[in-house]
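# A closer look at the structure
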Amino acid sequence: MSALFELRDVRAAHGRITVLHGVGLRVAAGEVVALLGPNGAGKTTTLRVAAGVHPAESGRLLLGGRDVTGARPRDLARAGVCLIPEGRGVFPNLSVRDNLLMMTFTGRTRAEIEEVAFSRFPVLAKRASQTAGTLSGGEQQMLALARGLATDPAVLLLDELSMGLAPLVVGRLYEQVAEIARQGVAVLVVEQFASAVFGIADHAAVLVRGRIERRGRPDDGLRAELSALYLGSPT
Amino acid sequence: MSPTETTSTEPSREEERPGANADAPAARTRADRFAQELAELKIPDPAAGRAPLWLRLGALLMVAGAALAVAAYALSHGTRDPLVQRDAITLGLGGVTAAVAGSALFLRYSLTGFLRFWMARQSYDIAQLADRLLERDARK
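Residues numbered from 1 in each chain as written. Chains lettered and ligands numbered in written order. Predicted model: local features only at pLDDT ≥ 70, side-chain atom pairs only at ≥ 80, totals over all residues.

### Here we look at the overall build of chain B
Quick note on the threshold: Strands are runs of DSSP state E lasting at least 2 residues, helices are runs of H or I lasting at least 4, and numbering of each runs from the N terminus. With C-beta atoms placed from the backbone, a residue counts as buried when 20 or more other C-beta atoms lie within 10 Å of its own, as exposed when 12 or fewer do, and as partly exposed for counts between those limits. Once C-beta atoms have been placed from the backbone, residue pairs whose C-beta atoms lie within 7 Å are recorded as contacts.
A count of helices and strands for chain B gives three helices and zero strands. When the helices and strands of chain B are placed in sequence order, the string is α-α-α. For chain B, with 140 residues in total, the buried portion stands at 14%. Look at the contacts in chain B between residues 6 or more apart in sequence, and 73% of them connect residues 24 or more apart.

Shown next, in the form of structure tokens:
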């Protein structure tokens with residue numbers, strides 16, 4: 001299967017500190033890849049490089065087979081790369097409807113955006129006039145996902161979807177992510193809590209100190225290695 | 001496996017997911033459209049992304065040009081030698097030119113960012129106003 005999204009040997013830094021040391025990842029259309037790892041491993045930086053928000057010092061970003069290294073983030077977003085950042089990125093002082101309205105920059109009408117959002121997340125229709133800051137964490141994450149879907153993404157980059165949410169809510173959100181992937185979207189999920197994403201991921205990669213240490217199917221073997229990484233190897 | 005080896009070289013679990021194959025045509029369509037849009041994408045020259053550098057250069061030229069003009073004025077007043085005074089005039093004109101060019105650079109790169117957000121806000125306000133007017137007309 002050809003990759004819709006690919007990072008090749010990417011190195012990136014924050015100031016003088018190199019954070020990524022040759023990261024390589026591929027995600028095909030309709031595939032979910034989980035990028036796992038402990039705090040400070042470089043997961044968020046990887047996503048930011050993938051969205052064109054953070055410049056790579058070296059390496060390549062390929063989308064749809066084309067080398068787009070150095071492309072402006074707004075051009076990538078317009079083409080169909082959607083980053084949902086950690087902390088959801090909704091406008092807390094605007095209503096749910098106005099948060100969705102912000103996505104009309106994509107050229108879609110308000111009605112089309114609301115149709116996409118409310119059909120997938122009916123609870124948002126009930127809260128349409130409520131300010132986003134007063135929604136529960138799960139509903140805010142639904143709003144963030146709905147805003148992302150309104151852009152008709154081809155590549156969806158999700159950062160810590162489960163952050164601060166109850167396991168039941170996380171499960172429901174990841175069901176939606178799996179459904180989105182089934183429609184042909186390439187999904188790259190960054191997660192600290194592997195169990196949250198293992199149910200839907202086709203592949204997983206473990207990032208430690210800016211290097212992919214392990215990759216493969218999200219099975220018990222990988223889970224055990226992750227536990228050892230997080231908690232220290234058993235002696 | 002080396003760090004740069006890739007994930008999808010392994011067999012995908014795509015076929016294990018019910019409904020994945022049924023949606024394959026939709027997947028191809030969006031992926032094809034995505035590839036087509038990216039093929040048309042113009043990737044800027046990395047040199048074009050040096051706005052902060054131009055901004056700093058503009059500010060530097062503004063200050064240095066003004067300083068040069070003042071220094072030239074002082075120089076021309078400190079001597080009766082017409083040759084030195086002519087040099088001071090040349091220096092002064094150079095300073096004024098540098099200050100004008102620096103101001104233009106500074107304005108160009110400082111206003112761009114501001115105007116971009118101002119225009120986005122204007123677009124949003126106009127869209128809202130249009131919605132309100134349409135709703136009012138619909139109620140009549």
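### A short note on the overall build of chain A
Regarding its fold elements, chain A presents nine helices and 10 strands. For chain A, the proportion of contacts with a sequence separation of at least 24, taken over those separated by at least 6, is 68%.

### Some thoughts on the packing of helix 2 (residues 51-77) of chain B against helix 3 (residues 82-139) of chain B
Residues and elements named next belong to chain B. Condition: Whenever a helix is involved, its axis is fitted only over the stretch in contact; in every case the axis is a line through C-alpha atoms, and angles between N-to-C directions fall within 0 to 180 degrees. Orientation labels follow simple angle bins: below 35 degrees gives roughly parallel, above 145 gives roughly antiparallel, 65 to 115 gives roughly perpendicular, and whatever is left gives oblique. Left-handed describes a crossing whose near helix is turned anticlockwise from the far helix through less than a right angle; right-handed describes the clockwise counterpart. Each residue gets one label: Ala, Val, Leu, Ile, Met, Phe, Trp, Tyr, Cys and Pro are nonpolar, Asp, Glu, Lys and Arg are charged, and the others, such as Gly, are polar.
One can describe the packing of helix 2 onto helix 3 by two numbers: an axis separation of 6 Å at closest approach and a directional angle of 155 degrees. The angle between helix 2 and helix 3 places the two elements in the roughly antiparallel class. For the pair helix 2 and helix 3, the sense of crossing is left-handed. The class makeup of the residues in the contact of helix 2 with helix 3 is 26 nonpolar, 10 polar and no charged.

### Topic: the sheet that holds strand 4 (residues 58-63) of chain A
Residue and element names in this part refer to chain A. Applicable threshold: Between any two strands, at least two bridges found by DSSP are needed for them to pair.
Overall, antiparallel pairing links the four strands, which are arranged 2-1-4-5 in an open sheet. Each edge of the sheet is formed by a strand with only one pairing partner; in this case those strands are strand 2 (17-28) and strand 5 (66-67). Bridging between strand 4 and strand 5 involves two bridges; their strand directions are antiparallel. Paired with Leu 62 across the two strands is Asp 67, which belongs to strand 5.

### Describing the nonpolar core
Test applied: We define the nonpolar core as any set of buried residues of the types Ala, Val, Leu, Ile, Met, Phe, Trp, Tyr and Cys, connected via C-beta atoms lying within 7 Å of each other.
Residues Leu4(A), Leu157(A), Val187(A) and Val189(A) are the most contacted members of the largest nonpolar core, which totals 84 residues. Beyond its immediate sequence surroundings of up to four residues, Val187(A) is in contact with Val27(A), Val32(A), Leu156(A), Leu158(A), Val177(A), Ile180(A) and Ala181(A). One finds Leu61(B), Ala69(B), Ala72(B) and Ala98(B) within the second-largest nonpolar core, a separate group that totals seven residues.

### Observations concerning the sheet that holds strand 10 (residues 211-216) of chain A
Residue and element names in this part refer to chain A. Across the sheet, which stays open at both edges, the six strands sit in the order 6-7-8-3-9-10 with mixed pairing between neighbours. Sheet topology places strand 6 (81-84) and strand 10 at the edges, where each strand pairs with a single neighbour. On average, each strand axis in the sheet is tilted by 15 degrees relative to the strand beside it, whichever way the strands run. Note that strand 6 and strand 7 (residues 155-159) share four bridges and pair parallel. The partner of Leu 83 across the bridge, within strand 7, is Leu 157.

### Observations concerning helix 7 (residues 167-182) of chain A
All names here are of chain A. This is how it is decided: Any helix carries an expected span of 1.5 Å times its number of residues minus one.
Helix length check: helix 7, at 16 residues, gives a terminal C-alpha distance of 22 Å against a target of 22 Å (1.5 Å per residue), a fit within 8%. Looking only at helix 7, the buried set comprises Val 170, Leu 173, Tyr 174, Val 177, Ile 180, Ala 181 and Arg 182. Looking at the packing, one finds that the buried side of helix 7 touches strand 3 (32-36), helix 6 (137-149), strand 7, strand 8 (186-191) and helix 8 (194-198).

### A few points about the environment of Leu145(A)
All names here are of chain A. Along the polypeptide, Leu 145 turns up in helix 6. Given 24 C-beta atoms within a 10 Å radius, Leu 145 is considered buried. In this structure Leu 145 touches Ile 84, Leu 173 and Gln 176, once residues within four positions along its chain are discounted.

### Notes on the packing of helix 6 of chain A against helix 7 of chain A
Residue and element names in this part refer to chain A. Where helix 6 meets helix 7, the axes come as close as 10 Å, and the angle between the chain directions of the two elements is 10 degrees. The orientation of helix 6 with respect to helix 7, classified from their angle, is roughly parallel. Along its contact with helix 6, which presents Gly 138, Gln 141, Leu 145 and Leu 149, the element helix 7 presents Val 169, Leu 173, Gln 176 and Ile 180. Each residue belonging to the contact of helix 6 with helix 7 can be placed in one class, and the counts come to five nonpolar, three polar and no charged.

### Brief notes about unusual backbone geometry
Residues and elements named next belong to chain A. A positive phi angle is found at Glu 160, which is not glycine, with a value near 50 degrees. With respect to the secondary-structure elements, Glu 160 resides in the loop between strand 7 and helix 7. When the 22 C-beta atoms within 10 Å are taken as the criterion, Glu 160 is described as buried. Here Arg 209, not a glycine, exhibits a phi torsion of approximately 45 degrees, which is positive. Following the sequence through the fold, Arg 209 ends up in the loop between strand 9 (203-208) and strand 10. The exposure class assigned to Arg 209 is partly exposed, which follows from the 13 C-beta atoms found within 10 Å.

### Brief notes about the environment of Arg211(A)
Residues and elements named next belong to chain A. Positionally, Arg 211 belongs in strand 10. Since 16 C-beta atoms lie within 10 Å of it, Arg 211 is described here as partly exposed. Along the backbone, Arg 211 and Gly 22 are 189 residues apart, and their C-alpha atoms lie at a distance of 6.7 Å.

### Focus on the environment of Ser110(B)
Relative to the helices and strands, Ser110(B) is located in helix 3. Residue classification places Ser110(B) among the partly exposed residues on the basis of 15 C-beta atoms within 10 Å.

### So, the pairing of strand 9 of chain A
Residues and elements named next belong to chain A. Of all six residues in strand 9, five are buried, a share of seventy percent or more. Two strands pair when backbone bridges link them, and strand 3 and strand 9 are joined in this way by four bridges, in the parallel orientation. Of the residues in strand 9, the one forming a bridge with Ala 34 is Ala 204. Across five bridges, strand 9 lies against strand 10 in antiparallel orientation. Its bridge partner lying in strand 10, Val 208 is registered against Arg 211. What sits between strand 9 and strand 10 in their antiparallel hairpin is a turn of two residues, with Arg 209 showing a positive phi close to 45 degrees.

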